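Secondary and tertiary structure notes
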Amino acid sequence: MVRESEIREGEVAVEAPPPTDAGLVFIGRIRTPWTSRLMAPRQGRVDGPVCRLDIFEPWVPALKGIEFYANLEVIYWLHLSRRDLVLQSPRNDGEARGTFSLRSPVRPNPLGTSLVKLVGVEGATVLVRGLDCLDGTPLVDLKPDRCRFTPLAPRQPGDDEVGDRNP
Ligand code: SAM
């Protein structure tokens, strides 16, 4: 039986410093079909259910142009996570790995990221597939998966000798 905030064999918690406000502003709330951490997928799938990103005011105008991108990166705050484990046992088998070698939701700053497919934009709501978070998860940021305006690095002397890294 998987429990939600247990300490498993091999896991190590530390006395984490009290969280301080890094100045995050939640820009919206994520609506998904999952109401329990035990039901949510470990990672989203682009053939998963359509989920909603409900954007709060005053950020709604910031959606302008988003419809031109097929793929978005969604960044969210895994608000129900414990934040004090340095070693974790994902399989609950006594084998523990360092938090920074895992994509576990349990981390000092519980940020989650997913690459999602854009399904549509309806006013202040963005519809996407590919999420794995609980209904009601706070939304931190939304950005195109790659910026189409990122300039290529200028050519450097010697590039031809080592092969072209920026085709
Ligand atoms: N895709 C993100 C990433 O890689 O950064 C998150 C991956 S994490 C393994 C996904 C799991 O986090 C879900 O299966 C669920 O157990 C848990 N989870 C989802 N929403 C959460 C929330 N709001 N608070 C705490 N845990 C959550």
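Our subject is the structure that appears above.
For the structure given in this document, a descriptive report is provided here. Bear in mind that the values here come from a model prediction, so they are computed numbers and not experimental data. (Residues numbered from 1 in each chain as written. Predicted model: local features only at pLDDT ≥ 70, side-chain atom pairs only at ≥ 80, totals over all residues. Heavy atoms only, no water.)

A few words on the overall build of the protein. Each helix and strand counted, the protein has one helix and nine strands in total. Ordered by position in the sequence, the α and β elements of the protein form the string β-β-β-β-β-β-β-β-β-α. Residue burial in the protein is summarised as follows: out of 167 residues, 35% are buried. Carbon and sulfur atoms form 55% of the exposed surface of the protein, whose accessible area is close to 11,000 Å². (Helix = DSSP H or I, 4+ residues; strand = E, 2+ residues; numbered from the N terminus. Buried < 20%, exposed > 50% of the residue type's maximum accessible area, 1.4 Å probe, protein only. Areas by Shrake-Rupley, 256 points an atom, 1.4 Å probe, with all protein chains shown as cover.)

The subject of this paragraph is the sheet that holds strand 6 (residues 97–98). The three strands lie next to each other as 1-5-6, forming an open sheet whose pairing is antiparallel. With partners counted over all chains shown, the strands left at the sheet margins are strand 1 (12–13) and strand 6, one partner each. Here two bridges tie strand 5 (residues 85–88) to strand 6, and the two strands are oriented antiparallel to one another. Opposite Gln88, over in strand 6, you have Arg97 as the bridge partner. (Pairing = 2+ DSSP bridges.)

Around the ligand there are 19 residues in total, and Pro41, Gln43, Arg103, Thr113 and Asp132 lie nearest to it. Arg103 has a polar side-chain atom sitting 2.6 Å from an oxygen atom of the ligand. Thr113 has a polar backbone atom sitting 2.9 Å from a nitrogen atom of the ligand. Top contributing element to the shell around the ligand by residue count: strand 7 (residues 111–122), with three residues. (Near = heavy atom within 4 Å. Polar contact = N/O pair within 3.5 Å; in protein donor to acceptor, adjacent residues only side chain to side chain.)

We now examine the nonpolar core. Judged by nonpolar contacts, the single largest core of 24 residues is most densely connected at Leu53, Leu72, Val74, Val126, Leu131 and Leu142. Of all elements in the fold, only strand 3 (50–55), strand 4 (71–77), strand 7, strand 8 (125–129) and strand 9 (137–144) reach the threshold of two or more residues within this core. Discounting chain neighbours no more than four positions away, the residues touching Leu131 are Ile30, Trp34, Pro41, Gly44, Cys51, Leu53, Val74, Tyr76, Ser114 and Val116. (Core = buried A, V, L, I, M, F, W, Y, C linked by side-chain atoms within 4.5 Å. Contact = heavy atoms within 4.5 Å.)

Between Glu57 and the following residue, Pro58, the backbone shows a cis peptide bond with an omega angle of 10°. With respect to the secondary-structure elements, Pro58 resides in the loop between strand 3 and strand 4. Unlike most non-glycine residues, Asn92 shows phi in positive territory, near 55°. Counting through the fold element by element, Asn92 comes out in the loop between strand 5 and strand 6.

Among the surface-exposed residues, Leu24, Val25, Phe26, Phe56, Trp59 and Leu111 lie close enough to one another that they form a single nonpolar patch of about 500 Å² accessible area. Among the structural elements, Leu111 can be located in strand 7. Taking relative accessible area as the criterion, Leu111 reaches 40% and is therefore assigned partly exposed. (Patch = residues over 30% accessible without salt bridge, like charges linked within 9 Å, V, L, I, M, F, W, Y side chains within 5 Å. Salt bridge = Lys/Arg side-chain N within 4 Å of Asp/Glu carboxyl O.)

Topologically, Arg107 is positioned in the loop between strand 6 and strand 7. For the buried Arg107, no salt bridge is present, and the opposite-charge side chain at shortest range is Asp132, 11 Å distant. The contact partners of Arg107, leaving out residues within four places of it in the chain, are Arg82, Arg83, Thr99, Phe100 and Leu102. (Lys, Arg positive; Asp, Glu negative; His and termini not counted.)

Under the definition given, this model contains zero disulfides. Of all cysteine sulfurs, the one in Cys133 lies closest to Cys51, which takes part in no disulfide; the gap is 6.9 Å. (Disulfide = S-S within 2.5 Å.)

This paragraph deals with the pairing of strand 7. Of the strand pairs in this sheet, strand 4 and strand 7 are connected by seven bridges, and their pairing is antiparallel. Residue pairing for strand 7: Leu72 is matched across the bridge by Val116. Where strand 7 meets strand 8, five bridges bridge the pair, whose relative direction is antiparallel. Considered in strand 8, the bridge of Leu118 is made with Val128.

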